[in-house]
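# Structural features, examined
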Amino acid sequence: MSESAGLQFVSPYAFEAMQKVDVVRLAALSDPELRLLLPCLVRMALCAPADQSQSWAQDKKLILRLLSGVEAVNSIVALLSVDFHALEQDARKEQQLRHKAGGSNGESILVSQLQHGLTLEFEHSDPLRRLRLALSELLAIMNKVADSNGEWFLKSSELFESPVYLEEVADVLCILQAELPSLLPIIDVAEALLHVRNGDWFLCLLVANVPDSFNEVCRGLIKNGERQDEESMGGRRRTEALRQLCQMNPSQALNIRAMVVEECHLPGLGVALTLDYKPDTADDAVSPLVSYVSGLLLGTNGKVRTWFSMFIRNGQQRKRESSSVLWQMRRQLLLELVAILPRSRSTHEPNDSVEDAESSSGYSGLREEHVVKASALLRLYCALMGIAGLRPTDEEAEQLLQLMTSRPPATPAGVRFVSLSFCKLLAFPTLVSTPEQEQLMVMWLSWMIKEEEYFESAAGVAASFGEMLLLVAMYFHSNQLSAIIELVCSTLGMKIAIKPSSLSKMKTIFTQEIFTEQVVTAHAVRVAVTNNLSANITGFLPIHCIYQLLRSRAFTKHKVSIKDWIYRQLCETSTPLHTQLLPLIDVYINSILTPASKANPEATNQPITEQEILTVYQGSTAGGEGGRAVRSRYSITTQLLILYYILSYEEALLSNTKQLGTFIVFSIEEALMQRKPKSYSAILMDQIPIKYLITQAQGLQQELGGLHSALLRLLATNYPHLCMVEDWVCEEEVTGTLPLLRRMLLTSNTCRYSQTQLHDAFQKVPSSGPRLMRMLDHLTLLSAGDLIPYAEALTGSMGLLLGPSVPRRIPQTLNKLWMVLNTVMPRRLWVMTVNALQPSVKMLRQQRYIQNDLMVDPLIVLRCDQRVYRCPPLMDIVLHMLNGYLLASKAYLNSHLKETADFDRQSQTISNLGLGQAGQPDTPEVTREELKNALLAAQDSAAVQILLEVCLPTSEVQTGPPGAGGDAESLLQSMRAAPVSIKQEEGARRAEGEGEPDGGLLSDLREVQCLICCLLHQMFIADPNIAKLVHFQGYPQALLPLTVAGIPSIHICLDFIPELLAQPQLEKQIFAIQLLSHLCTQYALPKSLSVARLAVSVMATLLTVLTRAKRFSFFMPTLPCLVAFCQAFPPLYDDVATLLVQLGQVCASDVSTKTRDIDPLITRLQYLKEKPQEVLVPGGDKSKLSLPQRAAEELGGADPDVQLCYRIEATFMDIISTSQHGL
């Protein structure tokens, strides 16, 4: 709006005086300034005020005195004397008339036919006609704006263009709007004024006379504005008008700018207001323009970012105009950039004292107070070029390159500036266009390499730009251009589009002139590790560089050892865990086990030594053999990372065994001497407190990220005995709320007991029972870590608690303490417990077992003192250890199988080369797996058989009936090194009154049986094949009621009983029928019915094929089972009765010559089958059976067939009696 350039606008001073109604300030205004505010002041003086206070009365007098000397006041008073009500009615009639006429300029009610031009009419008219003329013209413009549908136009009007009458027209306009606000809303008037010349001047006067409407007018103009104001004349006029308003009221400029951003309209206005903004206190760090534009482009609002980027792109398409807001912005940014460019030489000399070519080449240093501003400018130009698509001019590019290659001071801000400059060079390599600029860049990069160590030490930062240089060099060598782009975007803090092809020049410079691969690897090893590395340290660190070099196998390719660096970095870690540590360990393990190429199998890294690993755990809680509770000088993070390394290394070593054996063998010597990575020794693993570390990690899951879950996965694979469900449940009981409350009771340190005192109390049991109980109760209040020093005293004295007079509460409390210790040191605790529970017989030399012995042979756990089998608290511990070592043995054999697989392949290779013995068969891989499975099955079944024998009462001889399935000498007896009479021991206990008979429900035997059945239930669920194998082997028939009732999972036997019935051995068939009879009683299911029907059919079949002797051996123990079948399933009665009659007929025919009473027996059997309900009469059932039993004893007691005949009759009677009582 250049047409209003010569007009006087309302000053900020005058507008503020009007806003605050400051009469003193108003009186200080000059006449021209006061002239612009007369409409409001005159109305203020003439109209009745709402404020009736004395102070306002005085102010009003001052206003009247101020207006008394102004001549123009009279004309304004005359304007206010008009009848505005009639004027408003005429205006509304004219609006209706125009609306009916379709907006055409026809007859006017407000203004009759004009004799002269509008200006002359206005000059010669009275106040009323002046109001009508201005109102008619204004309404016409407002109607046209409403009908334009957003299309901008410029209305030519004499009234608003004549410089002579502008002040009078402004007076009329202000009076009309003030007196007719409903007819002339100020927002609509402001919108209409944009379409006439001098509209911005009229708008400022209008708002100055109604200062309260400032924000309302500005928001309305912004809402109705264009999204891109530089695109049209209307947008530019609107921007200029709002800019003039904000110059009149500069205190609201930032609020108006916020409205612009909120509505995403008029971006040029936002920039213009920022350019006009003059803060009260200058900020040396960052200018308002840089802050504003950076906030738009780098903020989180994508809509705002797109809107402003479009403003930049559209502004570049037009020719360069000095009046363009975009070019004003660019010029201002360039001035700020040039202002901070260094003009003096660098104040820092290189590390060496000799001045080289670079130090004397005139390079200048960036001043410290300008570093933050320079970094902000660099990020802003990156956003403008990368996000908004700004194309820099040659001048801008030259000055940017000069700033980027300047040398800042060694401060954290200086490190940040160098990193940003380097990433900007990578993101916009087109800034380097000439050979001179390229040479400048190379010299600057060389300076970066040289000064990196000085910057890191002087600035005191852990993440310097040296790591970024190394990382970019490694990415260039491995051609990972996408990783470089991601690195650049991450450092700059913005997502910009970088074409990989644009990095070709930088790649050539890096890989051929600055950083060759050998230089990269040699330099990376010398980089110091990051002290106390954690996730709190951001930026690009040495660990990122080492990780990339390990991935690209650069260290092994150039034979550079990296093991010491990785070990030192792992020792310098803390929580929260840095996210790059676990990937670093994984790729390091891969570089140890997998050669870089098949042609060079020795190109691998060295693993961490066992001595270095032991150093990390030296002195840690539960770490050594002594178990001293000493705090290690290494952090828990370091110990967990080393543990993760060891477990991952062992797992990778086993999984890569096949790959390690597939390299090409060129000679026999090479086949015999081929190097294989070694596994860590079992002695080392025994000294690492694995379970204690896992417990510590569980409480730090938030700070350790994914390390805890990764360790659990490795434990479940390699150490399943440390991941048993029972242990996790026990840990919840130990670390829960109630134990915590109990430990809170331990407030005094005066009741502490030493290990020696505890040991002495155990030695004097049972006389020291109360004192020992107090000690044990005190120990229950300790945490698991504090209980570790007492572990040896507690386990070493377990054998002393097996005496007859020891109170039951002592072993029960010892069991609780043992379970607490099991949560932190299970492996060492188990070994100590097994050695402590060995039989204490003087004639036998006790053997001290180690961890490996127990994993190879888990049954050693059961070679304990026989009294343990009748001590439930200690038996619970033994069963827990047995379950754990069975799992450990499986893992041990699996790993052993994988470890020795390559030796078989090597032997096979050697035999193929002609070195093997002739005729020696090769062992297939599948056979080794089968042998391992057979060994595990035999191991598990032996443990089950021994536990089942423990369940037998001691008074019963362990030689069951022929069908019991047991050997002549039991497994338990073969395991016992020194038999001790448990019967005598229990007799002694009963004498003391502390035990119950073996058959009682509260006896020690009953409790032991329950514990064993729980373990067997878990074993059968974990592996149903164990249940099948044990029942195919068989066990004493006396245990069947116990196993069927006490092991819930035994119902799975119904699946394989048909297979067991099909076995050729009569003992297995007998055991199957006996087992089935108990299962049918316990689980009366349809499946049980079908299997029972099959069993009856098998018995009927065997009747026809068995010899006389085998018939007696088979049917005597199985006939009582038919009673259970019929009791569980009455529909089987007919089949069973038929079988019994057939069996009686066969037996009777064999003994027909021996007695004449057999024929009546057959008759009775047939009668029993046909009329069973008539056999049992009240009071007569016992007399009918007494005579046949005596006859059997008299006639043929020694004859098997005779005994079998009477057993058949007795079975018939039992079935009838059971069915009658059941009904």
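Residues numbered from 1 in each chain as written. Predicted model: local features only at pLDDT ≥ 70, side-chain atom pairs only at ≥ 80, totals over all residues. Heavy atoms only, no water.

Looking at an unreviewed UniProt entry, one finds the protein named Integrator complex subunit 2 and attributed to Hucho hucho. Per its UniProt entry, the protein bears the Subcellular location (unreviewed entry) comment "Nucleus". Under the Sequence similarities (unreviewed entry) heading, UniProt states for the protein: "Belongs to the Integrator subunit 2 family." (UniProt positions renumbered as here; feature names shortened; annotations may be inferred.)

Take the overall build of the protein next. Looking only at helices and strands, the protein has 65 helices and zero strands in total. Across the 1223 residues in the protein, those meeting the buried criterion constitute 51%. Considering only intrachain contacts with a sequence separation of at least 6, the fraction spanning at least 24 residues in the protein is 75%. Surface summary for the protein: the accessible area is close to 56,100 Å², and the carbon and sulfur share equals 53%. (Helix = DSSP H or I, 4+ residues; strand = E, 2+ residues; numbered from the N terminus. Buried < 20%, exposed > 50% of the residue type's maximum accessible area, 1.4 Å probe, protein only. Contact = heavy atoms within 4.5 Å. Areas by Shrake-Rupley, 256 points an atom, 1.4 Å probe, with all protein chains shown as cover.)

Right, let's get into the packing of helix α25 (residues 465-477) against helix α28 (residues 517-526). Put simply, α25 and α28 touch, their axes get as near as 10 Å, and they point 145° apart. Relative to α28, the crossing made by α25 is left-handed. Contact with α25, carried on its side by Leu470, Ala473, Met474 and His477, involves Glu517, Val520, His523 and Ala524 of α28 and no other residues of that element. For the contact of α25 with α28, the per-class residue count stands at five nonpolar, two polar and one charged. (Axes fitted to C-alpha atoms, helices over the stretch in contact; angles between N-to-C directions. Left-handed = near helix turned anticlockwise from the far one by under 90°. Nonpolar A, V, L, I, M, F, W, Y, C, P; charged D, E, K, R; others polar.)

With that settled, the discussion passes to the packing of aromatic side chains. A complete count under the given rule lists 13 aromatic pairs for this structure. Ring geometry for Phe1032 against Phe1056: centres 6.0 Å apart, planes inclined by 45°, an arrangement best described as tilted. Here Phe1032, found in helix α56 (residues 1024-1033), pairs with Phe1056, found in the loop between α57 (1040-1046) and α58 (1057-1061); they are 24 residues apart in sequence, far enough to count as distant. Each member of the pair Phe1032 and Phe1056 is classed as buried. A connected cluster of aromatic rings, assembled from ring pairs, spans Tyr588, Tyr645, Tyr649 and Tyr680. We note Lys144 situated over the ring of Phe153; from NZ or CZ to the ring centre the distance is 4.7 Å. (Phe/Tyr/Trp six-rings, centres within 6.5 Å; stacked < 30°, edge-to-face > 60°. Lys NZ or Arg CZ within 6 Å of the ring centre and 35° of its normal.)

Its place among the elements puts Tyr567 in helix α31 (residues 563-571). For the pair Tyr567 and Ile642, spaced 75 residues apart in the sequence, the C-alpha separation amounts to 8.8 Å. Apart from residues no more than four positions distant in its own chain, Tyr567 is found in contact with Ile608, Glu612, Thr615, Val616 and Tyr634.

The next subject is the pattern of salt bridges. In this structure the tally under the stated criterion is 30 salt bridges. Here Arg197 makes a salt bridge to Glu161, at a shortest N to O gap of 3.7 Å. A residue pair is termed long-range when its members are at least 10 positions apart, and Arg197 in the loop between α12 (186-193) and α13 (199-209) and Glu161 in helix α10 (residues 158-161) qualify at 36 residues. In this structure Glu161 comes out as partly exposed when scored by relative accessible area, which is 26%. Each of Glu16, Lys20, Asp22 and Arg25 takes part in a single network of salt bridges with overlapping partners. (Salt bridge = Lys/Arg side-chain N within 4 Å of Asp/Glu carboxyl O.)

What follows concerns α31. With seven of its nine residues buried, α31 lies for the most part within the structure. Within α31, the full set of buried residues consists of Lys563, Trp565, Ile566, Tyr567, Gln569, Leu570 and Cys571. Looking at the buried side of α31, the elements it contacts are α28, α29 (542-551), α32 (581-593), α33 (610-617) and α34 (636-655).

Close contact between helix α21 (residues 371-386) and helix α23 (residues 412-427) brings their axes to 9 Å; oriented N to C, the two are set at 25°. In terms of orientation, α21 lies roughly parallel with respect to α23. Between α21 and α23 lies a crossing whose hand is left-handed. Residues Val371, Val372, Ala374, Ser375, Leu378, Arg379, Tyr381, Cys382 and Met385 of α21 touch α23, and the partners they reach there are Ala413, Gly414, Arg416, Phe417, Leu420, Ser421 and Lys424. (Parallel < 35°, antiparallel > 145°, perpendicular 65-115°, else oblique.)

To continue, consider α21. When the terminal C-alpha atoms of α21 are compared, their 22 Å separation across 16 residues agrees well with the 22 Å that a helix rising 1.5 Å per residue should span. For α21, the buried fraction is high: 13 of the 16 residues fall into the buried class. (Expected span 1.5 Å × (residues − 1).)

In this structure, Thr1043 sits in helix α57. For Thr1043, the residues in contact, after removing those within four places along its chain, are Leu948, Tyr1035 and Ile1050.

The phi angle of most residues is negative, glycine excepted, and most peptide bonds adopt the trans form. With an omega dihedral of -5°, the bond running from Thr575 to Pro576 counts as a cis peptide bond. Topologically, Pro576 is positioned in the loop between α31 and α32. Within the chain, Val21 stands out as a residue other than glycine whose phi angle is a positive 50°. With respect to the helices and strands, Val21 occurs in the loop between α1 (12-20) and α2 (23-28). Residue Asn198 is not a glycine yet carries a positive backbone phi of 60°.

Summed over the entire model, instances satisfying the criterion amount to zero disulfides. Counting only cysteine sulfurs, Cys40 is the nearest neighbor of Cys174, a cysteine outside any disulfide, at a range of 8.8 Å. Taking the relative accessible area as the measure of exposure, Cys174 reaches 6% and is therefore buried. The thiol of Cys1205 is not disulfide-bonded; the next cysteine sulfur, from Cys1147, is found 4.6 Å away. For Cys1205, a relative accessible area of 1% corresponds to the buried category. (Disulfide = S-S within 2.5 Å.)

Moving on to the confidence of the model for the protein. On average, residues of the protein carry a pLDDT of 79, and 79% of them reach 70 or more. Note on residues 661-674: pLDDT under 50 across the span, and 11 contacts to partners over four residues away in sequence or across chains. Every residue in residues 1177-1196 is under pLDDT 50, and counting partners more than four places away or in other chains gives 17 contacts. (pLDDT = per-residue confidence, 0-100.)

With respect to the secondary-structure elements, Val834 resides in helix α48 (residues 826-836). Taking relative accessible area as the criterion, Val834 reaches 6% and is therefore assigned buried. Each C-alpha atom of the pair Val834 and Leu862 lies 8.7 Å from the other, and the pair is 28 residues apart in sequence. The contacts of Val834, once residues within four sequence positions are left out, are Tyr849, Leu854, Ile860, Val861 and Met881.

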